[in-house]
Every structure is written in structure tokens, then in C-alpha cells.
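Structural features, examined
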Amino acid sequence: MNRLPLLFVGILLVFATSWLGLVVYPYLKLGGLEPAASADGAEPRPMSAAAIAGERVYAANGCVYCHSQQVRPAWLSTDIARGWGPRQTVARDYIRQKPSFLGTMRTGPDLTNIAARQPDRTWHYQHLYEPAVVTPGSVMPSFRFLFTVQPVKDRPSREAVPVSGPHAPPPGYEVLPTQEARDLVAYLLTLKHDYPLPEAEPNAPRAEPIAPKKSEP
Amino acid sequence: MSELLRSLDPNTPPDPQSAVERAEIDRSLRGPVLFFFGSAIAWLLLGSVLGMLAALKMTHVRLLDGQDWLTFGRVRPAHLNIVIYGWASAVGIGVGIWLMGRLCRVVPRHRGLLIAAGAVWNLGVLAGTIGILAGQSRSIEWLEFPGWATPVLFASFALIGTWTVIMFRFRRPGHVYVSQWYLLAAFLWFPWLYATANVLLIWQPVQGSVVGAVNWWYGHNVLGLWFTPIGLASAYYMIPKVIGRPIHSYYLSILGFWSLALFYSWNGMHHLIGGPFPAWMISASVVASVMMFIPVLTVAINHHLTMRGHFEYLKWSPTLRFTVLGAMTYTLVSLQGSLMAIPSVNALFHFTDHTVGHAHLGLYGFFTMTMFGAMYYIVPRLVGWEWPSARMIRWHFWLAASGIALMAGALTLGGFLQGLELNDPDSPFMNSVNIARPFRHAREIGGLLLTIAHFVFAALFLRMVLRRGPRQDEATLFSPRLPAA
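Basis of the calculations
Residues numbered from 1 in each chain as written. Chains lettered and ligands numbered in written order. Predicted model: local features only at pLDDT ≥ 70, side-chain atom pairs only at ≥ 80, totals over all residues. Heavy atoms only, no water. Helix = DSSP H or I, 4+ residues; strand = E, 2+ residues; numbered from the N terminus. Rg over C-alpha atoms; globule rule 2.2 N^0.38 Å. Buried < 20%, exposed > 50% of the residue type's maximum accessible area, 1.4 Å probe, protein only. Contact = heavy atoms within 4.5 Å. Areas by Shrake-Rupley, 256 points an atom, 1.4 Å probe, with all protein chains shown as cover. Lys, Arg positive; Asp, Glu negative; His and termini not counted. Charge placed at Lys NZ, Arg CZ, Asp CG, Glu CD. Buried area = accessible area lost by both parts, 1.4 Å probe. Salt bridge = Lys/Arg side-chain N within 4 Å of Asp/Glu carboxyl O. Polar contact = N/O pair within 3.5 Å; in protein donor to acceptor, adjacent residues only side chain to side chain. Nonpolar A, V, L, I, M, F, W, Y, C, P; charged D, E, K, R; others polar. Core = buried A, V, L, I, M, F, W, Y, C linked by side-chain atoms within 4.5 Å. Patch = residues over 30% accessible without salt bridge, like charges linked within 9 Å, V, L, I, M, F, W, Y side chains within 5 Å. Phe/Tyr/Trp six-rings, centres within 6.5 Å; stacked < 30°, edge-to-face > 60°. 1 Å grid on protein atoms, 1.4 Å probe; cavity = no way out; pocket = protein on both sides within 12 Å on 5 of 7 lines; lining within 4 Å. Points joined across faces, edges and corners; volume = space filled by probe spheres on them. Axes fitted to C-alpha atoms, helices over the stretch in contact; angles between N-to-C directions. Parallel < 35°, antiparallel > 145°, perpendicular 65-115°, else oblique.

**Quick notes on the overall build of chain A**
Within chain A, the secondary structure is distributed over six helices and four strands. Beginning at the N terminus, the succession of helices and strands in chain A can be written as α-β-β-α-α-α-α-β-β-α. Against the compact-globule benchmark of 17 Å for 217 residues, chain A has a radius of gyration of 22 Å, which places it well outside the compact range. Oriented by its inertia axes, the alpha-carbon framework of chain A measures out at about 80 × 50 × 35 Å. Counting over 217 residues, chain A shows a buried share of 53%. Long-range contacts, defined here as pairs at least 24 residues apart, represent 70% of the contacts in chain A between residues at least 6 apart. When the accessible area of chain A is evaluated, it comes to approximately 9,700 Å², of which 60% is carbon and sulfur surface. Across chain A, the mean location of the 22 positive side-chain charges is 4 Å away from that of the 19 negative side-chain charges.

**Re the overall build of chain B**
Summing up its helical and strand segments, chain B has 15 helices and zero strands in all. Over its C-alpha trace chain B gives a radius of gyration of 22 Å, about what one expects of a compact globule, namely 23 Å for 485 residues. In terms of overall dimensions, chain B has a C-alpha envelope of 80 × 45 × 40 Å along the principal axes. Within chain B, the fraction of its 485 residues that count as buried is 63%. Once local pairs closer than 6 in sequence are excluded, the contacts in chain B between residues at least 24 apart make up 83%. Entry remark: accessible area of chain B is about 17,600 Å², with carbon and sulfur atoms responsible for 68%.

**With respect to the environment of V222 of chain B**
Residue and element names in this part refer to chain B. Within the secondary structure, V222 sits in helix α7 (residues 210-243). With a relative accessible area of 0%, V222 lands in the buried category. Measuring from C-alpha to C-alpha, the distance between V222 and F190 comes to 7.0 Å, with 32 residues separating the pair along the chain.

**Digging into the interface of chain B and chain A**
Tallying the contact residues gives 90 residues for chain B and 77 residues for chain A. Across the chain B/chain A interface, buried area totals approximately 7,200 Å², and carbon plus sulfur atoms make up 65% of it. The interface formed by chain B and chain A holds two salt bridges in total. Connecting chain B to chain A are 23 residue pairs in polar contact (both at pLDDT 80 or more). Looking at the side of chain B that touches chain A residue by residue, the class counts come to 48 nonpolar, 26 polar and 16 charged.

**A word on the nonpolar core**
Residues and elements named next belong to chain B. By size, the foremost hydrophobic cluster in this structure holds 191 residues, and its most contacted members are Y85, W98, Y218, W226 and I378. Here the element with the most residues in this core is helix α3 (residues 72-104); it accounts for 19 residues. Residues A235, M307, L320 and V324 belong to the second largest nonpolar core, which totals eight residues.

**Here we look at a nonpolar patch on the surface**
Residues and elements named next belong to chain B. Together, V290, F293, L297, I301, L339 and I342 make up an exposed nonpolar region whose accessible area comes to about 440 Å². Top contributing element to the nonpolar patch by residue count: helix α10 (residues 293-307), with three residues. Given the relative accessible area of 47%, L339 is considered partly exposed.

**Some remarks on the packing of aromatic side chains**
The geometry of an aromatic ring pair is captured by the separation of the ring centres together with the interplanar angle, meaning the angle of the planes. Residue and element names in this part refer to chain B. With the rule as written, the count across this model stands at 48 aromatic pairs over all chains. The interplanar angle of 20° and the centroid separation of 5.9 Å between the aromatic rings of Y182 and Y236 together place this pair among those described as stacked. Taken together, the residues Y182 in helix α6 (residues 178-203) and Y236 in helix α7 connect sequence positions 54 residues apart. With respect to class, Y182 is no different from Y236; both count as buried. Among the aromatic residues, those joined into a cluster by ring pairs are Y85, W121, F145, F157, F187, F190, Y194, Y218, W226, F227 and F367.

**Quick word on the layout of surface pockets**
Reported here for the second largest pocket is a volume of approximately 710 Å³. Mapped onto the lining of the second largest pocket, the elements with two or more residues apiece are α3 (114-117), α4 (121-129) and α6 (179-188) of chain A together with α2 (16-59), α3 and α15 (429-465) of chain B. A total of four residues in the lining of the second largest pocket trace back to one element, the largest contributor, which is α4 of chain A. A per-class count over the lining of the second largest pocket returns 25 nonpolar, 13 polar and four charged.

**Considerations on the side chain of E444 of chain B**
All names here are of chain B. Within the fold, E444 resides in helix α15. Although buried, E444 forms no salt bridge, and the nearest oppositely charged side chain, R443, lies 5.7 Å from it. The contact partners of E444, leaving out residues within four places of it in the chain, are M52, A55, L56, T59 and H60.

**A word on the packing of helix α9 (residues 279-291) of chain B against α10 of chain B**
All names here are of chain B. It is the contact of α9 with α10, at a shortest axis distance of 5 Å, that shows an interaxial angle of 15°. Accordingly, the angle class assigned to the pair α9 and α10 is roughly parallel. On α10, the residues that touch S289, V290 and M291 of α9 are F293, I294 and P295. Partitioning the contact of α9 with α10 into residue classes produces five nonpolar, one polar and no charged.

Structural measurements only, silent on function.
What follows is the structure, encoded as C-alpha cells:
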């Protein structure tokens, strides 16, 4: 192998095969998927402006390093049996997301269907402010910097986050979510991929609603 | 072989010309290579500290808690990007251009431009790191630097890559050595990888799940087609150099090179087994991952047969000991990687600390170790001084080796147990968190050993550049070499 042109062309050609197969092909095949028509509109639904802003907050603070967003098929894993979703997630589930956060770690639970398991906005605020309040033993960091603690004006704000125990604000103070926290929770509440798609019906009729399993987040 | 025989023949006149030529090449590369090494070591120190902080935060949730710049989700990518771009890429570039200069026997022109490119590279890493900590990351793994920092890195690399290709183009006629194939390939593959990933993920982001495919095509190939070829090029150079005999088989080298290029480039999708992609893409990556047995065993056999009968050199030579440990870890971590790509295994352990342990074993146990080995060989030739302390080199070696063994061992085992909990649908999620905790503590101790090792090495490097310590005529060895019986 002493000839530069041969080496040069070989190096680039071999690499080009993977570029075509793993980059260009999915780009052409999956890059332009459209929502699927359903009884009440199209799935997945468009995201609100707040949710799109919240997606940026999710990215900025690196939620993806502990939380995946993918439900693997039942033949491969126990994701569905664990209650992380009624069906495998497919490419169409992600078309609204920029970028998608498939994730590679489950230091914390999968979030594909967190809005189905935890539909309550207040729960999310409490959890982000101080995870241990709602999940004892959690190793999730506190996102207190997405909240402000300020003196109660004439009467408690409607949005004040109830926090009790050792992490409660001092008397006369209340915890209020910032715009970033409101956006982030708006985003988290879009994470609900339980609608049927033509290419991914739930494997079996759902025997029970996706509910928090064993009081897990 | 004929060259070796010729050099052993007492009738062969000494070759002062080639010694002068080597000195000339070393002198011309001194500035750029030392600049890349020095800046890389500085980033290694910062990266180690941030890695320690991220590791501690997983077990001590209250540590520096509730501050946006230092939240886990920013410190972790800052650590990763610093060690990938600030340390590993920069030290790889330094080793790569030195090897290229020596093997092509060319004196590069305009080396000021190389130093300028290095400075720009470091500015890009600095800007990107600040961007991550300030909350500008898009959370695309291995590409967290914001879109305004990555073009800086690309421009810098384009210049560096062009220089290495020019060196190869104007090489002195003669045999092209296996290290040169790997280096030429690495310096051509990386800009293609980086440009594709930047265009499709940052500047004109693709839709939905395509992000995952491009992301892991990029991420895995940075490891497989950028760091790995540089590490192997270095091992292919250092092992024969230190023990003084040629590589065992030219044909195994060829097989190892082309099979690596073919199979490694298709590995990426094994990060997404069970993910929202066409089945054939994932199957192709699983097959390619298992086929990695071929290049890995080929290189392992070739290195082993080269070393056979010369293992006692490991007692003396720091270069050889770091390099051989790295090369052995390469075999180990690659075979582990092939097994981890098998879907039924992957389903159990993919989302756990197991993967983190594997990543550190590859990037540290293999790549970083071979780079340390290379620097122990190259730096004395650049500064005209011998390493000032064998004791410090011993400390560096044993701290680094025990640190990575503890870290990778703890995470591999802890991740195994964590995976079993995660995949038992009747086990509450917190079980998987609790069972991993003691292993995460062990990882912290491993990380601490590594961090100390890096400070020891940084002190050594600094003394070297300042030419401190006694003047020596002989290379610094772990222990004085006994005269042959």
C-alpha cells in the first residue's frame, strides 16, 4: 500500500458506505415524516410555544444524561411491562421534537410518557424544586435556580409551589416558578405518546391505564 | 527486514545523515507539538476535576447544589467535551503530526500556522465549554458545544488536517508504514464526521429521530475512526521502536486496517438498539460490531507476536509499558463492546453505568494510555532533555493504571446489577439507584487516583519543558537496566 491515490480513495470510499447507510438513508427515509391523521386531529400534536421553549430548558440543563425518551419493544425489553409506555416508540413519535432526546442512560426513569404518569403540574414543580420532597432517596439534582423564593404579598400567589419539610421556604415566603420552569413543565406535559399510530398499535388492549407504578415518578 | 539486517551488519557505515534529518524534523515540529501537548495536559487537569465533580454529584446530591452553572446536567457534558476535544483530540493531533513528520521524513513548512491553528482550537474548546456551563448546550451527546463555537474548531482542524495530508503528499520515496495509513485515514475521516454532524445536528437540524442516528454515527466514529486509528498508529510505531524489531506481519496490518475501516464505521446504531429506526440499520450495526472481532484480534495477534520474547522490556521502558497496557486494553474493551452490542445483552445493560465504564475503558484505558506512552517517547526528542524522575513516572503509571481499573471495574459490575434491577418489571425503580450507589463511590476513588496521576504527569511535563533536573545521557527508565548476562 504505497500508492497515495489508492489509499486515499479506499479510505474515503469505505467510509462513504456508512455515511450513506447511517446518515443519508435515515435522513431521506425518516427526515420528512408527517403526522398521522387521527379521530381528533393529527398525532403527534404540535407543541405550544411554551413547550418549545421548555425543550430548550430541558437541553440546557442536560436532563437527557439521566433520562431516556424511548420505549423499546416488548420482544426485546421489559420497558412496556414496567409501565413506561403502552407501545414501542416509533420514528413518527419524534417528528415534533427539535432535537429528539432518545438518551443513553436511565439513571432516572424514562420520560417518554411522563405526562401520562404524572399529569399534575404542581407535582412537577415540587419535583424540580426539590426532588426528595416527592421522591425520597432521589439522586436527581435540585433545579432551585428555575424558581424564585420571595416574600408573600397580600395573599399567597395562585402559582406558589407547595413545599413542606426541611426544604420549605421561610415563613412569610413562597416559592414561585420562573418563566423557564413554566416552559419546562409545559414541555414535560407534552411527553405522552400513548396514541395509536398505524405502524405502532399497542400490543394488547390496555388492561389498566398507565398509572404511576408503585408510587414512582 | 533488510533494513534491520543492514543495520546489524558491522560493515554498514553509520548513517549520520538520517540522524541529522531526524533532528531537523524534531526541531521543526517542536513548537507545534509541544503546544498541543501542553494545552492538552491543561485541559486534562480541568476535565479530571469536572469529571470528579460530576461523579461526586451522583452520590452527594447536595454538593454545590442548586446552581445553574454547576448543575450535573452541565458539568457532565463539560467534562466530556473537554476530555474529547481539549485533551484527547489535541494530544492525538500532537502525536499524529510528529509521527507523520518522522515517518514521511519531511520538515513541515510554515509551522507558525500549525501553532496558530492549535491556539484557535483551544479558543474553540474554551468558548464551547463556557457555552455549555452557561446553558447553551443542545444536549446532543459529544456535540454539546454551541453552534457558534464549533465552526472555530472545524476551521482549526481543516488547517491541521491539510498539513498532515501535505506532509504525506511530499513524503520521501519509500515504503509507507502502517502508522501512516491510520494517520492519513484519521485526519481525513474526522473533518468529514465533524462537518456532517455539525450541518445536520446544529446548523440545519434534522427532524425527530434522525438526530439519534446521525448523533451516534458521529459519536461512535469519533471514537472508532479518529481516536482509535491515532492510538493504533502510535502503538504500531512505539512497540517496534522500543524493542528494536519490526512488526511481525505486514499482511495482518493490512487486514487489520481495512477491516477496521469497514466495520467500525458501521457501529453507531448499536447505541440505539430497540430505538425508533428501521430494523436493518440496527441489525447492520450489530453485525458490524460483532465483526469488530476481526480487526481487533488481527491487531492483537500482530502486536503480541511482535512483542513475543521481549516482554521484559516492560520492566524498563515507560513508553512501552503505557503503550502495551493501552494496546491490551484495546483488545479487551473492543471485545467487550462487541458483546455489549448483542441485542439481548444490550437490552439488559445499555442504559446503565456499565456503558459509562466501557466508555472510560476505551477512551482512557486504551487511548489515553497510548498517548501517555507516546509522549514519554516524543517529548525528550523535542526538548533535548531526559525525563527528570523515574519515581514520578512510576507514580504516574500505577496511579493511572489502578485508577482506571477501579473505575471501569466498579462501573462495569455496578451497571450489571443496575441493569438486572431495571429489567425486572416488579422491582421498584429506586432499587436500581440504590444498588448502583456503592459502585459509584468506588468510581469516585478511581477518579481521584486518575486526577492525582494527571497532576503528577503535568508536574513532570512542566519540569521537562523547563529542562529541570539532572542532565542525563541515557533515557530515563523505570529501573536501571541490567547488563545482558
